[in-house]
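Listed below are the residues making up each chain.
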Amino acid sequence: MSFAAFAKSLPPSLSLVGRTALVTGSSSGIGRQTALHLARAGANVLCTDLRPEPLGSEDTAKSSRTVPTHELIQTLGGRAEFQQLNVTSESEFEAAIAKSVSFGGGRLDILVNNAGITKFSGGIENEPIETLDKMMEINIKGVWLGTKHAIRQMMKQDPIAFPADLEEDLDDFSDVPPSVPLRPPYFQQAGSPIATVGRREGDVGARGSRGTIIQIASVHGLIGGPSEPAYCASKGAVVNLTRQVATDYAPHRINVNAIAPGYLAGTAMVADISPELAKMRPTYWPHQGTARDVANGVLFFARDAPWCTGSILPIDGGTTAR
């Protein structure tokens, strides 16, 4: 089934048709799977990366896995474009945000700050300052820039209903006056009888969001990862930046959340590590996760979680449960 046909088959509560997403680091790994999943659900996707081709594609026989993400989405019947983006450049990020708005018909509904790098050093005593500088430059400065300029754009946008808010009630609460009607668009919704709901002048307290920002952090932003002090520091910063921005912009109806992936097969988090290091990084589930598991988490925050903000979601096979 083509992406277009699949999106049309979805009920409004699961559809991202008419929404626009920008995904950083979209050419490979988590970013690629995220862009594909968003596009299949109907979103217009601006794919951004240093280059459109997947990592390692030059050494691999031609297949769908070597096709640039935006081209694959187009071939499958979705809507996507590519924009080169160095996430450490503020001017390039501003240009990418502007292109996503133009491409998406005037809105940026979803930003996925995914681009990042990792580095094993063997411990802080052996880690050069250049490694710390690079980790912070890409892993946190890139997220900070994307968040800043997405917030600026989203503040200009009217709130609209999350897909999840378009679902009919599954239970009958007819004996209790509903405080928040679900079906009408935001501007048609009645005010809430709860006095503390509306925080901005003229905000009636009805449901709606100006946009959602999803950071890709790491389990090593929540727990210590062996041999990665600079990486852990950078991802810990992503986690707390997420919480801080979420609290500032919740009254403005902008959702800001993060996913903390575990050790995913086929990604840099598990590539080229020694058996000794692997033993220090247990995953309790019987198999490793994949980028697809994280992409499904992105879909949760993008369409199913209108009242989630400041949340950090581990997708890690139980790693952080220890």
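Computed from a predicted structure; not experimentally measured. (Residues numbered from 1 in each chain as written. Predicted model: local features only at pLDDT ≥ 70, side-chain atom pairs only at ≥ 80, totals over all residues. Heavy atoms only, no water.)

**Student:** Give me the lowdown on the packing of aromatic side chains, citing residues and values where you can.
**Tutor:** Per the stated rule, a full pass over the model turns up one aromatic pair. For the ring pair phenylalanine 300 and phenylalanine 301, a centre distance of 5.2 Å and an interplane angle of 55° mean the geometry is tilted. Among the residues examined, phenylalanine 300 registers a relative accessible area of 32% and is labelled partly exposed. (Phe/Tyr/Trp six-rings, centres within 6.5 Å; stacked < 30°, edge-to-face > 60°. Buried < 20%, exposed > 50% of the residue type's maximum accessible area, 1.4 Å probe, protein only.)

**Student:** Which residues make up the pattern of salt bridges, and what values do they have?
**Tutor:** The full count for this structure, using the stated rule, is five salt bridges. Put simply, glutamate 81 and lysine 99 hold a salt bridge, and the shortest N to O gap is 3.7 Å. With a gap of 18 residues between them, glutamate 81 in strand E3 (residues 79-84) and lysine 99 in helix H4 (residues 90-103) connect regions that are remote in the sequence. For the salt bridge of glutamate 137 with lysine 141, the shortest nitrogen-to-oxygen distance reads 3.4 Å. (Salt bridge = Lys/Arg side-chain N within 4 Å of Asp/Glu carboxyl O. Helix = DSSP H or I, 4+ residues; strand = E, 2+ residues; numbered from the N terminus.)

**Student:** For helix H5 (residues 129-154), give the residues involved together with the corresponding values.
**Tutor:** The end-to-end C-alpha separation of H5 is 36 Å, in line with the 38 Å expected for 26 residues at 1.5 Å each. Of all the bends in H5, the greatest measures close to 30° and is centred on lysine 141. (Expected span 1.5 Å × (residues − 1). Bend = angle between axes of the 7 residues up to and from the residue.)

**Student:** Now, about the packing of H4 against H5: what can you tell me, with residues and values included?
**Tutor:** As a packed pair, H4 and H5 sit with axes 10 Å apart at the nearest point and diverge in direction by 40°. Classified by the angle between their axes, H4 and H5 sit oblique to one another. Where H4 crosses over H5, the handedness of that crossing is right-handed. In this structure, H4 contributes Glu90, Phe93, Glu94, Ile97 and Val101 to the contact, and H5 contributes Gly142, Leu145, Gly146, Lys148, His149, Ala150 and Gln153. Of the residues belonging to the contact of H4 with H5, the class tally is five nonpolar, four polar and three charged. (Axes fitted to C-alpha atoms, helices over the stretch in contact; angles between N-to-C directions. Parallel < 35°, antiparallel > 145°, perpendicular 65-115°, else oblique. Left-handed = near helix turned anticlockwise from the far one by under 90°. Contact = heavy atoms within 4.5 Å. Nonpolar A, V, L, I, M, F, W, Y, C, P; charged D, E, K, R; others polar.)

**Student:** Pulling in residues and values, what's your account of the sheet that holds strand E6 (residues 254-261)?
**Tutor:** Spatially, E3-E2-E1-E4-E5-E6-E7 is the arrangement adopted by the seven strands of the open sheet, whose pairing is parallel. Unpaired on one side and paired on the other, E3 and strand E7 (312-315) mark the two borders of the sheet. Taken over all neighbouring pairs, the strand axes of this sheet differ in orientation by 20° on average, direction set aside. Relative to E6, strand E5 (residues 211-216) runs parallel, the two sharing six bridges. Residue isoleucine 216 lies in a different strand from E6, and its bridge partner there is isoleucine 259. Here H4 sits on the sheet in contact with strand E1 (20-24), strand E2 (44-49), E3 and strand E4 (110-113), set at roughly 160° to E3. (Pairing = 2+ DSSP bridges.)

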